[in-house]
Amino acid sequence: MEDAVVVRDLVVDRGRRRVLQSISCTVPRGTVTGLLGPSGSGKTTLMRAVVGVQTVTSGTVTVLGRPAGAAELRRRVGYLTQAPSVYADLTVRENARYFAVLHGRGHAEADRAVADVGLADAGGQLVGTLSGGQRSRASLACALVGDPELVILDEPTVGQDPVLRADLWARFHEMAAAGTTLLVSSHVMDEAARCDRLLLVREGRLIADDTPDAVRAATGVDDLEQAFLRLIRANEAGREPAGRERA
Amino acid sequence: MNLRILAATTGRILRQLRHDRRTLALLVVLPTVLLTLVYFMYVDQPTPPGQPAVFDRVALIMLGFFPFIIMFLVTSIAMLRERTTGTLERLLTTPLSKLDLLFGYGLAFGLAGAVQATIASAVAYWVFDLDTAGSIGLVVLISAVNAVLAVALGLFCSAFARTEFQAVQFLPVVAVPQLLLCGLFVPRGEMAGWLQAVSDVLPLSYSVEALQEVGRHVDPTGTMWRDLAIVSGAAVGALVLAAATLRRRSG
């Protein structure tokens, strides 16, 4: 089966700064792929390129067989921005119902999306009165309400308590098992272990593209944080990036 | 465009307004308070022979002007918030079309402007005895179209502001020259040629002329309909320009 996302030689400049330096990677369908890297490494830019809202300098991004940003993809791709982009002066339910209509869904789907992120009891509350973690879950509900084939989530678990984080990750895996493809960014390394595949980005370059087990095996350490440190050092020493061969 | 999405967007904007009680109260009360001020300014002024009372002349134009400035301000801030909070970028990744969004704003705030114009006109006619040859319905219609024009200009201008500080400063830029040159202070025919030329390209001049036609004539005149068409055309034009400022892709 073709990959959900195929990125080839993607270069993005922002002003005079090169934010992504020739990145090539793929996201297989029906998996949870983690996009890991420190703040400022280019994770958000890569995600925006996949959604099709990022002006790119060169290279191609193919999403579900179509060029990223194609009009037809707007109903098939869900996007959660890093800063919660929901209307603070609407209730959680009103936000979800509005985004549901945009995706051709009804009130029932909206209410289910709100319940799925654990906000059923706060449905009637104005988003502006929610805590940071609740607000970002309200935003998540709006990204998932259209039941998209590909979901791009930029740091969806920041500020969530550990129990909720575990719930959300369980939900992501349920979605993947049902055939949805998820690309989830995080800068928390303990979340890397929960992903089916990992993309590690640093300073605009891809330094790993593999499964967590293969990353552990290639570096000879069990802890992914340590493994990433080794990859980064190896990379800085000028060696070839670890990970699978790319065509 | 998609009617379901357009209706949902209009409803969403009105719902946001409904949750903001203070703004609602200001929208309703503000024109009335300002009209009261205008009334007491002119109440003791002598009426020039053979002309309408000064209050009648000024208040009629103000009925068109108040919804214009208020809706311009409300819209440019609302749209700027869509841009700065990331909801705009998010909306543009969904099947919503740019025109769904812009016409949604036009309908929602146009409706709010119409309600505002209705309340202000009712107060002007029944509390302050505003006297016009034509009907109050036409005054409300012209004021409502004026509000839609203000919404369209606000949507367009918000593209050039990065902060709310900047956005509010577009109000004097857009509104004050139109007010000065609309014919309220100096009749347009008596202005210097170049000022008249500037006045001719400012849409508010036509809504003021339309209102003056209602003031002078019992039945709607051809000039009034032509002016109303020009103002509507300017509103559609500003909406199209605003659409051009919405970019799905950015750096």
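On a predicted model such as this, the values are computed, not experimentally measured, just so you know.

Let's talk about the sheet that holds strand E8 (residues 181–186) of chain A
All names here are of chain A.
Piece 1. Spatially, six strands are ordered E6-E7-E8-E3-E9-E10 in an open sheet, and the strand pairing comes out mixed. Two strands close off the open sheet at either side, each with one partner strand: strand E6 (77–80) and strand E10 (205–210). Sheet twist, expressed as the mean angle between neighbouring strand axes with direction ignored, is 15°.
Piece 2. Helix H4 (residues 132–144) contacts E6 and strand E7 (150–154) of the sheet and is inclined by roughly 170° relative to E6.

Brief notes about the domain arrangement of chain A
Residue and element names in this part refer to chain A.
Piece 1. Once the domains are mapped, chain A shows domain 1 (1–76 + 148–247) and domain 2 (86–147).
Piece 2. Averaged C-alpha coordinates put domain 1 and domain 2 at centres separated by 26 Å.
Piece 3. With 11 residues of domain 1 in contact, the opposing surface of domain 2 contributes 11 residues.
Piece 4. Of all elements in the fold, only E7 and helix H5 (162–177) reach the threshold of two or more residues within the side of domain 1 that touches domain 2.
Piece 5. Element by element, the count of residues in the side of domain 1 that touches domain 2 is highest for H5, at three residues.

Some points on the nonpolar core
Generally speaking, a soluble globular protein has its nonpolar side chains buried in company with each other.
Piece 1. Membership of the largest hydrophobic core comes to 150 residues, with the highest contact counts inside it found for Val50, Ala96, Ala141 and Ile152 of chain A together with Leu149 and Ala152 of chain B.
Piece 2. When residues of this core are assigned to their parent elements, the largest contribution, 17 residues, is made by helix H3 (residues 54–84) of chain B.
Piece 3. Shared between two domains, this core holds at least three residues of each, these being domain 1 (1–76 + 148–247) and domain 2 (86–147) of chain A.
Piece 4. Apart from the residues within four sequence positions on either side, Ala96 of chain A is in contact with Ala110, Ala113, Val114, Ala141, Cys142 and Val145 of chain A.

A short note on the confidence of the model for chain A
Residues and elements named next belong to chain A.
Piece 1. Across chain A, the average pLDDT comes to 91, with 96% of residues at or above 70.
Piece 2. Confidence, expressed as mean pLDDT per element, reaches its minimum in chain A at helix H7 (residues 224–236) with 86 and its maximum at helix H2 (residues 92–102) with 97.
Piece 3. Long-range and interchain partners of residues 241–247, a stretch whose pLDDT sits below 50, account for 13 contacts in this model, where long-range means more than four residues apart.

Focus on the UniProt feature "domain: ABC transmembrane type-2" (unreviewed entry) in chain B
Piece 1. UniProt records the feature "domain: ABC transmembrane type-2" (unreviewed entry) for residues 22–249 of chain B in the present numbering.
Piece 2. Taken end to end, residues 22–249 of chain B is 75% helix and 0% strand, and its first and last C-alpha atoms sit 35 Å apart.

Thoughts on the interface of chain B and chain A
Piece 1. With 21 residues of chain B in contact, the opposing surface of chain A contributes 23 residues.
Piece 2. The set of elements that each furnish at least two residues to the side of chain B that touches chain A consists of helix H1 (3–19) and helix H4 (87–91) of chain B.
Piece 3. No other element matches H1 of chain B, which puts seven residues into the side of chain B that touches chain A.
Piece 4. Broken down by class, the residue content of the side of chain B that touches chain A amounts to four nonpolar, nine polar and eight charged.

Side note on unusual backbone geometry
Residue and element names in this part refer to chain A.
Piece 1. With a phi angle near 50°, Ser22 is a residue other than glycine that sits in the positive phi range.
Piece 2. Judged by the 16 C-beta atoms lying within 10 Å of it, Ser22 is partly exposed.
Piece 3. The phi torsion at Glu155 lies on the positive side, around 50°, for a residue other than glycine.
Piece 4. Here Glu155 shows up in the loop between E7 and H5.
Piece 5. A tally of 22 C-beta atoms within 10 Å means that Glu155 is categorised as buried.

Observations regarding the UniProt feature "transmembrane region" (unreviewed entry) in chain B
All names here are of chain B.
Piece 1. Per the UniProt record, the feature "transmembrane region" (unreviewed entry) sits at residues 24–43, 58–80, 101–128, 134–156, 168–186 and 228–246.
Piece 2. Annotation note: span residues 24–43, helix share 95%, strand share 0%, distance between end C-alpha atoms 29 Å.
Piece 3. As annotated, residues 228–246 has a helix share of 95% and a strand share of 0%, and its two end C-alpha atoms lie 27 Å apart.

Each value, and the rule that gives it
- Residues numbered from 1 in each chain as written.
- Chains lettered and ligands numbered in written order.
- Predicted model: local features only at pLDDT ≥ 70, side-chain atom pairs only at ≥ 80, totals over all residues.
- Pairing = 2+ DSSP bridges.
- Helix = DSSP H or I, 4+ residues; strand = E, 2+ residues; numbered from the N terminus.
- Axes fitted to C-alpha atoms, helices over the stretch in contact; angles between N-to-C directions.
- Contact = placed C-beta atoms within 7 Å.
- Domains from an automatic or database assignment.
- Core = buried A, V, L, I, M, F, W, Y, C linked by C-beta atoms within 7 Å.
- Buried ≥ 20, exposed ≤ 12 C-beta atoms within 10 Å, placed from the backbone.
- pLDDT = per-residue confidence, 0-100.
- UniProt positions renumbered as here; feature names shortened; annotations may be inferred.
- Nonpolar A, V, L, I, M, F, W, Y, C, P; charged D, E, K, R; others polar.

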